[in-house]
Amino acid sequence: MPAQPLTGIRVLDLSRILAGPWCSQQLADLGAEVIKIERPNEGDDTRRWGPPWLAGTTEAAYYLSANRGKQSVTIDMATLEGQELLHELVKHCDVVLENFKVGGLKKYHLDYASLKALKPDLIYCSITGFGQDGPYAQRAGYDFMIQGMGGLMSLTGKPDAEGGEPVKVGVAFVDIFTGLYAANAIMAALFQRERTRQGTYIDLALLDVQVGVLANQALNYLTSGNVPKRLGNAHPNIVPYQAFATQDGHIILAVGNDAQFKRFCEVAGQPELGTDARFATNALRVENRLILIPIIQQLMAQHTTDQWLQLLETVGVPCGPINTLDRVFADPQVQHRGLEVHYAHPLVDEVKLVSNPIRFDGEALNAPNPPPLLGEHTTEVLERLLKLDHEQLTALKAKQVI
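In this text the structure is predicted, and so the values were computed from the model without any measurement. (Residues numbered from 1 in each chain as written. Predicted model: local features only at pLDDT ≥ 70, side-chain atom pairs only at ≥ 80, totals over all residues. Heavy atoms only, no water.)

Considering the pattern of salt bridges
Throughout the structure, instances matching the rule amount to 19 salt bridges. Its salt-bridge partner being Arg 285, residue Asp 258 comes within 2.9 Å of it at the nearest N-O pair. Of the two residues, Asp 258 is situated in helix H9 (residues 258-267) and Arg 285 in helix H11 (residues 282-287); the sequence distance between them amounts to 27 residues. (Salt bridge = Lys/Arg side-chain N within 4 Å of Asp/Glu carboxyl O. Helix = DSSP H or I, 4+ residues; strand = E, 2+ residues; numbered from the N terminus.)

Points about the state of the cysteines
Considering all chains together, one arrives at 0 disulfides under this definition. Among the cysteines around Cys 125, which has no disulfide bond, Cys 23 carries the closest sulfur, lying 5.7 Å off. We classify Cys 125 as buried; its relative accessible area is 0%. In this structure Cys 319 is not part of a disulfide, and its nearest cysteine sulfur, from Cys 265, lies 15 Å away. (Disulfide = S-S within 2.5 Å. Buried < 20%, exposed > 50% of the residue type's maximum accessible area, 1.4 Å probe, protein only.)

Things to note about the sheet that holds strand E3 (residues 70-74)
Read from one edge to the other, the open sheet built from 6 strands follows the order E3-E2-E1-E4-E5-E6, with strand pairing classed as parallel. At either end of the open sheet lies a strand with only one pairing partner, and these are E3 and strand E6 (200-205). The average undirected angle you get between the axes of adjacent strands in this sheet is 20°. Helix H3 (residues 80-90) rests against strand E1 (10-13), strand E2 (33-38) and strand E4 (95-98) of the sheet, and its axis sits at about 155° to E1. (Pairing = 2+ DSSP bridges. Axes fitted to C-alpha atoms, helices over the stretch in contact; angles between N-to-C directions. Contact = heavy atoms within 4.5 Å.)

Considering the packing of H3 against helix H16 (residues 378-386)
Orientation of H3 relative to H16, taken along the N-to-C sense of each, is 60°, at an axis distance of 10 Å. In terms of axis orientation, H3 runs oblique to H16. Between H3 and H16 lies a crossing whose hand is left-handed. Note on element contacts: H16 touches H3 through Val 381, Leu 382, Leu 385 and Leu 386, opposite Leu 85, Glu 88 and Leu 89. (Parallel < 35°, antiparallel > 145°, perpendicular 65-115°, else oblique. Left-handed = near helix turned anticlockwise from the far one by under 90°.)

Quick look at helix H6 (residues 173-196)
Within an α-helix, residues lying three or four positions from one another point in the same direction, as the helix has 3.6 residues per turn. With 24 residues, H6 extends 34 Å from end C-alpha to end C-alpha; this agrees with the ideal 34 Å at 1.5 Å per step. Turning to H6, its buried residues number three or more, namely Phe 173, Val 174, Asp 175, Thr 178, Gly 179, Ala 182, Ala 183, Ile 186, Ala 189, Leu 190 and Arg 193. In the core, the buried residues of H6 are packed alongside helix H1 (19-29), E4, strand E5 (123-128), helix H5 (143-149), E6 and helix H7 (206-212). Phi turns positive, to about 60°, at Arg 197, one or two residues after H6. (Expected span 1.5 Å × (residues − 1).)

Looking at the packing of H1 against H6
Packed helix pairs are specified by the crossing angle of their axes together with the interaxial distance, meaning the distance between the axes. At their nearest, the axes of H1 and H6 sit 7 Å apart, and the two run at 45° to each other. With respect to their mutual orientation, H1 and H6 come out oblique. Viewed along their axes, H1 and H6 form a crossing whose handedness is right-handed. Only Asp 175, Ile 176, Thr 178, Gly 179, Leu 180, Ala 182, Ala 183, Ile 186 and Met 187 of H6 make contact with H1, whose side of the interface consists of Ala 19, Trp 22, Cys 23, Gln 26 and Leu 27. Class assignment of the residues belonging to the contact of H1 with H6 gives a composition of 10 nonpolar, 3 polar and 1 charged. (Nonpolar A, V, L, I, M, F, W, Y, C, P; charged D, E, K, R; others polar.)

Description of the nonpolar core
Leu 27, Cys 125, Ile 127 and Ile 186 are the most contacted members of the largest nonpolar core, which totals 33 residues. Broken down by element, the residue count for this core peaks at 7 residues, all from H6. Counting residues in each nonpolar core, the second largest holds 30 residues, with Ile 37, Leu 85, Leu 382 and Leu 393 among its members. (Core = buried A, V, L, I, M, F, W, Y, C linked by side-chain atoms within 4.5 Å.)

Concerning the pairing of E2
With respect to burial, E2 is a largely interior element, 6 of its 6 residues being buried. Alternating positions in E2 separate into two faces, Glu 33, Ile 35 and Ile 37 on one and Val 34, Lys 36 and Glu 38 on the other, with burial throughout. Sheet topology note: the E1/E2 ladder contains 4 bridges and is parallel. The partner of Val 11 across the bridge, within E2, is Val 34. Taken together, E1, H1 and E2 constitute a β-α-β crossover, and its handedness is right-handed. The sheet contact formed by E2 and E3 spans 5 bridges and is parallel. (Right-handed = clockwise from strand over helix to strand, strands pointing away.)

This is the structure in structure tokens:
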């Protein structure tokens, strides 16, 4: 059994879609008990975001990607009885996670002020598009639009000169990063609570996260005042560091220093390039990018992708293929690291998921249970934590509160 460092921490998860569930899945993988609150008969919207579906079921692959290890409890928070149930559950929890619009939970008395009164040391994490204040605070925010507003799409895609246009990243980059920042913040707040015995309100915004992870490109702009442009697969600060066409496909060449560049030139049969005064340092190669790249393009077209991989790996020049996902999961390194994991599932023999990449003492941290069915744990959780009996549960079900 792998280490579970968050064992004993209980999370009331009011979030849905991706950013919040990605955060709570991370916490579940680390050992926290995550109680996922869903609407009766409907549940998390992503349960219906298919196809594809888990074979023979109505469980969407999208939902399965972000909900491992949780307990699904159905409660209608729009009802007074539902709000009372949630208030009682909060008293047994360390963390509340939500991604409603700003002020959206106040009418249900599930906002931070209301819940802090019930549990003063509560850690409450809100995820919104634009944060709790500012001129955009009331606007809804979605990953795609935030990639545009936050500058990422201005950096992604082929240059204008090549007829390109801005494109988004192929996965919900901002949602996933926000989920990871939220998990980090929650764990920091838990650590702080150990010292101060005080709760914390965490305000996370998708736009803040997108700007925050612009990394070197943000500093390229802030340092120089020059607005970065789209470079396709090229790198603004390193050359050669991009994809190149080979005889039969493409390869990524990622030369990170001058010694690697010289070794590349030698195996490419052009050792003089490595000592050429125009290309001797990375700064010079960046300055003379438009001269150097066409030369490398001609060289790369002389061999197949596999031939280049063998030549470059032999001399320690970083490179790699551009794999489709079938090749990713067939890759011997991916298989060796156990990144595809199989779980028993109540509706089918098994469900295939992607492993958490964190390893503690050589073992991956994956929650022991698959993504739950809608309402799978309602009765068990309400009996265990709130001590509700069969008659009380039956009455709540009859009113469609749970």
